[in-house]
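Residue-level structure breakdown
Take a look at the letters that make up each chain.
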Amino acid sequence: MNQIIVSDPADPRIAAFRDIRERDLTGREGLFIAEGEVVVRVLTSHASRCRVRALLLAGKRAQGLADVIAGLSSQTPVYIVSQAVLDRIAGFPLHRGILALGEKPEVLTLDASIHNPQQKDVFVVAAGIGNHDNMGGLFRNAAAFGARAVLLDRTCCDPFYRKAIRVSAGAVLRTPFATGDSALALVETLKAAGVEVLALTPSATTRLADYRRNGPVAVVLGSEGPGLPPEVIGRCTAVGIPMAGGFDSLNVAATSAVALHHLTTPVLSGG
């Protein structure tokens, strides 16, 4: 009942999907674009913290998403177009053939995100992460290892950028996160709440593999190149991952996976 055939790429009903790349840069005022079947299935699932506004599908993809469409409210439009029309709407060839328009969730405060931390809780703190691939990877790893929340400092990029959502395999849409403070303020707030805070840095003399947690813990990850500011490292327990072959460090997303595996594996961490 909610499927609507659209043949004109200039149809005003699909204006929010038009010229995706340009709109990615200028913003969508509380909305975002989700791309691909995996991400759209997360968006429309019970695990999602976001609400779907509309779907835009190439006709050939509609049957494969019949269960998703059937589960939508009758008030949620599903626009069906040809592949050629979809490419013109998007402004580039969109081979996945699946787009959704979603509403960003209510912004969580830092205090709400870390309230009453439990022994098993792990938090991911991102400082100065400006690369959308890395941001998506951080969220995917946080979700995969059961982190309680991702905390972003005010210099991080928007996790609701289309590519970040796609790289995260939809984890951005379901993972609680807070943003807005400086990295140092995030660290101080976590420590005041009784959370031990680790800083991942190549300069550390303590190996991550030798660290044993004893309660709730947060891991702070900085951007590749500059890394974490010295004042942030100085307020944390510094740990590192030794490298071979003259390498300084791993990609930040890879680093987060190694750290989270260690912190959430009882045999290794003693948690």
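Residues numbered from 1 in each chain as written. Predicted model: local features only at pLDDT ≥ 70, side-chain atom pairs only at ≥ 80, totals over all residues. Heavy atoms only, no water.

**Let's talk about the environment of P77**
Relative to the elements of secondary structure, P77 occurs in the loop between helix 3 (66-71) and strand 4 (78-81). Residue contacts for P77: discarding those within four places in its chain leaves N2, I4, R53, A54 and L55. (Helix = DSSP H or I, 4+ residues; strand = E, 2+ residues; numbered from the N terminus. Contact = heavy atoms within 4.5 Å.)

**Thoughts on the nonpolar core**
One finds L55, L57 and L173 to be the most contacted residues of the largest nonpolar core, which totals 50 residues. Every residue in contact with L55, bar those within four places of it in the chain, is listed here: F17, V40, V68, I69, L72, P77, V78, Y79, L99 and A100. Among the nonpolar cores identified, the runner-up in size contains 21 residues, and A127, A149, V195 and A218 belong to it. (Core = buried A, V, L, I, M, F, W, Y, C linked by side-chain atoms within 4.5 Å. Buried < 20%, exposed > 50% of the residue type's maximum accessible area, 1.4 Å probe, protein only.)

**Some words on the sheet that holds strand 10 (residues 217-222)**
Strands sit in the order 8-7-6-10-9-11 across an open sheet of 6 strands; the sheet is parallel. Two strands in the sheet have a free side with no partner beyond their single neighbour: strand 8 (177-179) and strand 11 (237-239). Here the strands of the sheet are splayed against their neighbours by 25 degrees on average, with no regard to which way each runs. Taken together, the 3 bridges between strand 7 (residues 149-152) and strand 8 define a ladder with parallel strand orientation. If you follow L152 over to strand 8, its bridge partner there is T179. (Pairing = 2+ DSSP bridges. Axes fitted to C-alpha atoms, helices over the stretch in contact; angles between N-to-C directions.)

**Focus on the pairing of strand 3 (residues 51-58)**
The buried count for strand 3 comes to 6 of 8 residues, which makes it a mostly enclosed element. In terms of strand pairing, strand 3 meets strand 4 through 4 bridges, oriented parallel. Each bridged residue has a counterpart across the sheet, and for L57 the counterpart in strand 4 is I80.

**As for the packing of aromatic side chains**
One pass over the structure, following the stated rule, counts 3 aromatic pairs. Aromatic side chains F32 and F160 sit 5.0 Å apart centroid to centroid with 45 degrees between the ring planes, which places their arrangement in the tilted category. Taken together, the positions of F32 in strand 2 (residues 31-35) and F160 in the loop between strand 7 and helix 7 (162-167) put the pair 128 residues apart, joining distant regions of the chain. With relative accessibility at 6%, the residue F160 sits in the buried group. Ring centres of F160 and F177 lie 5.9 Å apart, and the angle between their planes is 45 degrees; this geometry places the pair in the tilted category. (Phe/Tyr/Trp six-rings, centres within 6.5 Å; stacked < 30°, edge-to-face > 60°.)

**Section: the environment of D181**
For D181, the location among the structural elements is in the loop between strand 8 and helix 8 (183-192). A sequence separation of 28 residues divides D181 from D153, and the C-alpha atoms of the two residues are 5.2 Å apart. In contact with D181, not counting residues within four places along its chain, are L110, L152, D153, R154 and L186.

**Concerning the packing of helix 6 (residues 132-144) against helix 10 (residues 252-264)**
Following both chains from N to C, one finds helix 6 and helix 10 inclined at 15 degrees, their axes separated by 8 Å at the closest point. Between helix 6 and helix 10, the interaxial angle falls into the category roughly parallel. Note that helix 6 runs across helix 10; the crossing there is right-handed. Here N134, G137, L138, N141 and A142 of helix 6 lie close against helix 10, whose contacting residues are V252, A253, S256, A257 and L260. Class assignment of the residues belonging to the contact of helix 6 with helix 10 gives a composition of 6 nonpolar, 4 polar and no charged. (Parallel < 35°, antiparallel > 145°, perpendicular 65-115°, else oblique. Left-handed = near helix turned anticlockwise from the far one by under 90°. Nonpolar A, V, L, I, M, F, W, Y, C, P; charged D, E, K, R; others polar.)

**Comments concerning helix 4 (residues 83-90)**
Those residues of helix 4 lying buried are V85, L86, I89 and A90. Summarising the axial view, the buried residues of helix 4 lie within an arc of 130 degrees, below the 170-degree limit, and thus occupy one face. In helix 4, the exposed positions angled more than 90 degrees off the buried face are occupied by A84 and R88. (Arc of directions from axis to C-beta.)

**Brief notes about the sheet that holds strand 4**
In any sheet, the strands associate via hydrogen bonds between backbone groups, in a parallel or an antiparallel arrangement. Read from one edge of the open sheet, 5 strands run 1-4-3-5-2, paired in mixed fashion. The open sheet has two edge strands, strand 1 (3-5) and strand 2, and neither has a second partner. Strand-to-strand twist of the sheet, defined as the mean angle between neighbouring strand axes without regard to direction, takes the value 20 degrees. Pairing of strand 1 with strand 4, which is carried by 3 bridges, proceeds in the parallel orientation. Residue I4 lies in a different strand from strand 4, and its bridge partner there is Y79.

**Overview of the side chain of T175**
Mapped onto the elements, T175 comes out in the loop between helix 7 and strand 8. Residue class for T175 comes out buried when judged on its relative accessible area of 4%.

**Details of the pattern of salt bridges**
This model, assessed by the stated rule, comprises 15 salt bridges. D121 is the partner of K120 in a salt bridge, and the nearest nitrogen-oxygen pair spans 4.0 Å. By relative accessible area, which is 67% here, K120 ends up exposed. The class of D121 is buried, set by a relative accessible area of 6%. (Salt bridge = Lys/Arg side-chain N within 4 Å of Asp/Glu carboxyl O.)

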